[in-house]
Each structure stands twice: as structure tokens, then as C-alpha cells.
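# Remarks on the overall topology
Each chain is listed here by its residues.
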Amino acid sequence: MKKWCGILVMLVLILTQAVNVSAKGVSTLEAKIEQVLQHKDLKGAISSISIKEAKSGEVLYEKNSSIRMKIASNMKLFTGAAALEALGAEYKFHTELWHDGKVKNGVLKGNLYLKGKGDPTLGLNELQQFSGLLDEKGIKKITGNVIGDETWYDDVRLSEDMIWKDESYAYGAQISALTFSPNDHYEAGTVIVETTPTKNGKKAHISISPKTDYVKVMNETKTGKGETDLEIVRKRDGNIIVVKGMINEGEEPDQTAIAVEDPALYTTSLFKDVLGKNGIKVTGKVKKGETPQKAQLMEVKESPPLGEIFIPYMKLSNNTIAEIFVKEMGKVQYGEGSFEAGLSSLEQTLSEMNVNVDNIMIRDGSGISHVSGVPTDEISSLLFHARQKPWYDNFYESLPLAGDPDELIGGTLDERMRGTAAEGNVRAKTGSVTGASSLSGYVTTAGGEELIFSIVFNAFLEEDVKDIEDEIAVILASLK
């Protein structure tokens, strides 16, 4: 009996010591973070932080974690998790080719319909494949129109809080069920404007990819000697792109994705161009409309699975994909591809994942809204519950990895936290809109413990406070 009593006493002493060490570690962590938060750039700003043990969910540190904050692109954590939960990692988007006429002697007497169902990855390869199918069927002429069908979603193309100045850029691209991606980053609904310097004093050379007459370019540039300063915008309610400013004579070409007006008409126009280049003459026009019930299905193209789309979505913080996820969830769950239905589906799914949706305000899927408000405690809670899901590996791998130069690995963290304990360790989603910055994700401490963290700053006056976020992440990575 004395032997067992002795063993019991020893166990109690060991556990007590462990608790004391843990408490000391938390106390040290709190002191270090509080010191960082004294940074002059946070004077007058709001800081909200939630740090938890990944396995237990136990709170290790919190500051203002129940306050609703503007979290910018950290909203993509919620949208992405809900999309994986509601649609699944294997879910695929579709684009369909239909016609409503008859084919005789190589002539399609009728209209050709390109029907989009939300695929953000549709590119030139897919349009070429559709054209190749027509060629295989011996079709060399179409007497009707080429019609783009975007009715899978409604015709509201921008979320309600989109700022008008953002409408030119890839992150403010219009949302359509029929849209075109000019690159493998899936910047759907955009064209790539390439500005190349020529000789000092001369205008720069400007090219558009893909080549198209759908947009017009006004070249107000000059090549000079000095720091490049270009402004590239699309005029509102049209497709005139203005490129102005100076590009240095020895500079590499500048490539900027610019959003187009009416992505469905843009995609359909590109498709007609592809048909013409492949020797298929279209005597009709490019239009938009709904595929009639009497039409005949010719071909269906599938997107990569959602789990693969997740990589550029999270790594590169793709707003367009986020909003497409929202509308697709609404279409699948409620039969309505709208922001309203999609956000209802989003909140319903999050609620089933133990997120307290009564404590948050979500106005879009991307985080560009300045009205949305989410506490950091709900972000860390989402990250905790995500670990229990079968799709967690997709979710975790899609998060940017600190300091990795590969843009599809490091993503928006590719140049951050290099040379620190956080490099190759911290996996986290970034977020940034004017006056708001966020960083939330996972980190393994020097002692081998996995932590969940969410850091959000609002109402700061500096251009950004990313260095302060990084300093806190490094503190967590260095814990023993």
C-alpha cells in the first residue's frame, strides 16, 4: 500500500509541475504578445487575437476575441470550408454545348449555345475542344447565332458591398455562370494586359491575352528612365481599358489582370473567335440567351475537382472563385444561384459545423466587404472543427506556407517570415482591405505542439501591419 501511495504522490507532483510549466509558458506568451501590441503602428487601432491548442481547442491567449472585426480575405476560410462540406472535394463544375437546328452537308442551320454552370476554370483549351468536336462532326458553317447562356446563376454580378473603384481589377471581377479564365490562376472574367517598355520617350507596347476585340485599349503610357508607375483601369459600364503612366526602359513587361464588363458575352465572343480560327464560319452574331428545351446537347466539359481548384483559391486569395462557391451552394441547396441563396446556404452549413452564425455578419464570400463582421474566436473555432472533417487535408494543404517561393505553395505568404522559426511551418490565410488585416491558421511550436491562431487588426492608419502579424506568428513558432 505504501508503495502505491508513493507512486501516486509522484504522479501528482509530476502533473502539478507540468501544469505550472504550462501556466508559465502561457504567461510568457501573453507577455510577449502584449509587448508586440504596443507597436506604434497599432496606436488607435483595434487588435483581436485568439490562440488555441489544436487538439483540445483550449484557449491559450485571447484579446478582444469576441469583437466582430472586418477580416478581409479570412472570410475565404469560412466560404471554403462550407464549400468543401456542402459540395465536396470531388465536386465538378460543368460547361455545356447545345444546338437547336439541323446539320446537313457540313452546315448547322440553327443556333449554337454555350451554357455555363459556374466553371471558373474554363479557358482556351476547353473552347478549342468544343470547336474540335464540331469539326469532328464535319460542321464547317453555322447559319445562326452563337449564344452564351449564363442563366444557371442570376444576373447580379457584384456583391452588394463592392466598391466601384475595385470593379476594374481581378479581385472585383463580375460573377457569371459563364465566364472565362485567361490563365492557370483561374482569374475568371478578366483579360491580361501586358505592358512592355520600348525606347526612352516612346509609348510602351501593350498587348491583350487572350487576343480579342471585345476590349479596347487606350495607350497613354511612355517609356522612361526611373521607377515604373503604371495605372491600368477599365472605364465603368464598358470595355475600354486605359493604360497610363511610365514604365522603366529596362523593366520586365508588366502583366495585370483586368476585369471585363459582362463575362458571359466576353466568353461567347472568344468562342466565336476560336470557331473562326478553326475554319468554322458563323454567319450570325454573338448574343446571350437561354438554351431552349428543344435544343440538343452536344458535349459537356468538366472542371477539375473542387479540391484542386482550392489551391489557387486559397493560395492566391481568389475572390471570384469565392463568390462562385457562394452562388453554387445556393444553386445546389436551394435551386437558386444568387448571393442571397448562397449566403443562406453558407450560414446553414457553417452552423452545422459548430460556427455560431448568430454572432457573425457575412455579406459576401470573398471578404471584400467592409460591412461583414467576424470575431477571431469564431475563426479559431472554425479552424479547430475543420480538423475533424474528411476534407481537412484539402483545406490544410491549400493554406499558404510561410516563406515558400513557389506561388502555388507559399501563395500570399511566399515572401513573409523567411529566415524565422515560422518559415515552412506556418500555414495561414492572409487578408487585407483598407484599414483591415488578418492572418489565421496553424503553427507547430518549437516544442512540437500544434496551435491554432487568428490575428486581426482594424482601424490602423499605416499601409499595412503584416510585419506585426508575422512577429506574433514567429513567437508562436518559437515556443518551447
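Below you will find a few notes about this structure. Quick caveat, the model's predicted, so the values are computed rather than measured.

Across the sheet, which stays open at both edges, the three strands sit in the order E11-E13-E12 with mixed pairing between neighbours. Every other strand in the sheet has two partners, leaving strand E11 (216–224) and strand E12 (229–234) as the edge strands with one partner each. Averaged over all adjacent pairs, the angle separating strand axes in this sheet is 5 degrees, with direction ignored. Note that E11 and strand E13 (residues 240–248) share nine bridges and pair parallel. Bridge pairing links threonine 221 to glycine 245 in E13.

At the junction of serine 209 and proline 210, the peptide bond is cis and its omega measures out at 0 degrees in the coordinates. Mapped onto the elements of the fold, proline 210 is located in the loop between strand E10 (205–209) and E11. In this model, asparagine 64 sits at a positive phi of 55 degrees, which is unusual for a non-glycine residue. You can see asparagine 64 is positioned in the loop between strand E2 (59–63) and helix H2 (75–86). Accessibility expressed as a relative area gives 32% for asparagine 64, which makes it partly exposed. Its identity as a non-glycine residue notwithstanding, asparagine 354 has a phi of 70 degrees, on the positive side. On the basis of relative accessible area, asparagine 354 is assigned to the exposed category, the value being 51%.

Thresholds applied
Residue numbers here run from 1 along each chain, matching the order of that chain's written sequence. Side-chain atom pairs in this predicted model are given and counted only at pLDDT of 80 or more, local residue features only at pLDDT of at least 70, and totals for whole chains, interfaces and linings cover all residues. To get the side-chain values, take all heavy atoms of the structure and skip hydrogens and water. Strand pairing requires that DSSP identify at least two bridges connecting the strands. Labels follow the DSSP assignment, with helices taken as runs of H or I lasting at least four residues and strands as runs of E lasting at least two, numbered in each case from the N terminus. Convention adopted: a line fitted to C-alpha atoms gives each axis, helices being fitted over their contacting stretch, and angles between N-to-C directions are expressed from 0 to 180 degrees. Think of it in three bands: with a 1.4 Å probe and only protein chains considered, a residue is buried below 20% of the maximum accessible area for its type, exposed above 50%, and partly exposed in between.

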